[in-house]
Amino acid sequence: MRNIKNVTTDSFRADVVEAGKPVVVDFWAEWCGPCKKLSPILEEVAEELGEDVSVVKVNVDEERTLGAMFQIMSIPSVLIFKDGEKVDEFVGLRSKADIVAQVKKQL
């Protein structure tokens, strides 16, 4: 996960809200099978989009405040932020092509 940063309640503002570029936020948990399948796909998305986009992860078991703040009911949930605002989201597995297309709308 060299291109993906783990975000906490303390770092969320700096890493997501004030990022200055679109940010893909993956809400996940260690025990979640689909989350484990989505992780390498997001790694590829981060690599393909490079410096134009940040991809970060939030462990909902460790960061319950963030999960509650964004009303995460199912995981994996992926929220896309632009200019500090949530502009898009999806729940569950998606293909790399689908995710890249969804993120590129925000560039």
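Quick caveat, the model's predicted, so the values are computed rather than measured. (Residues numbered from 1 in each chain as written. Predicted model: local features only at pLDDT ≥ 70, side-chain atom pairs only at ≥ 80, totals over all residues. Heavy atoms only, no water.)

A few points about the side chain of Asp-88
So the rule is basically this: Put simply, DSSP H or I for four residues or longer makes a helix, DSSP E for two residues or longer makes a strand, and each gets a number counted from the N terminus. Think of it in three bands: with a 1.4 Å probe and only protein chains considered, a residue is buried below 20% of the maximum accessible area for its type, exposed above 50%, and partly exposed in between. When charges are tallied, Lys and Arg are placed among the positive residues and Asp and Glu among the negative ones, while His and the ends of the chain are skipped. In the sections that follow, a salt bridge refers to a side-chain nitrogen of Lys or Arg positioned within 4 Å of a carboxyl oxygen of Asp or Glu. Think of a polar contact as two N or O atoms within 3.5 Å of one another; within protein, one of them needs to be a possible hydrogen donor and the other a possible acceptor, and neighboring residues in sequence only count if both atoms come from side chains. Whether two residues touch is decided by their heavy atoms; if any such pair falls within 4.5 Å, the residues are in contact.
Relative to the elements of secondary structure, Asp-88 occurs in strand β5 (residues 85–91). Despite its burial, Asp-88 remains without a salt bridge, the nearest opposite charge being carried by Lys-105 at 4.7 Å. Here the side chain of Asp-88 touches Gln-102 through a polar contact of 3.1 Å, side chain to side chain. Beyond its immediate stretch of four places on either side in the chain, Asp-88 contacts Val-78, Leu-79, Ile-80 and Gln-102.

Some points on the environment of Arg-13
Inspection of the secondary structure assignment puts Arg-13 in helix α1 (residues 12–17). In this structure the C-alpha to C-alpha distance between Arg-13 and Ala-68, which are 55 residues apart in sequence, comes to 16 Å.

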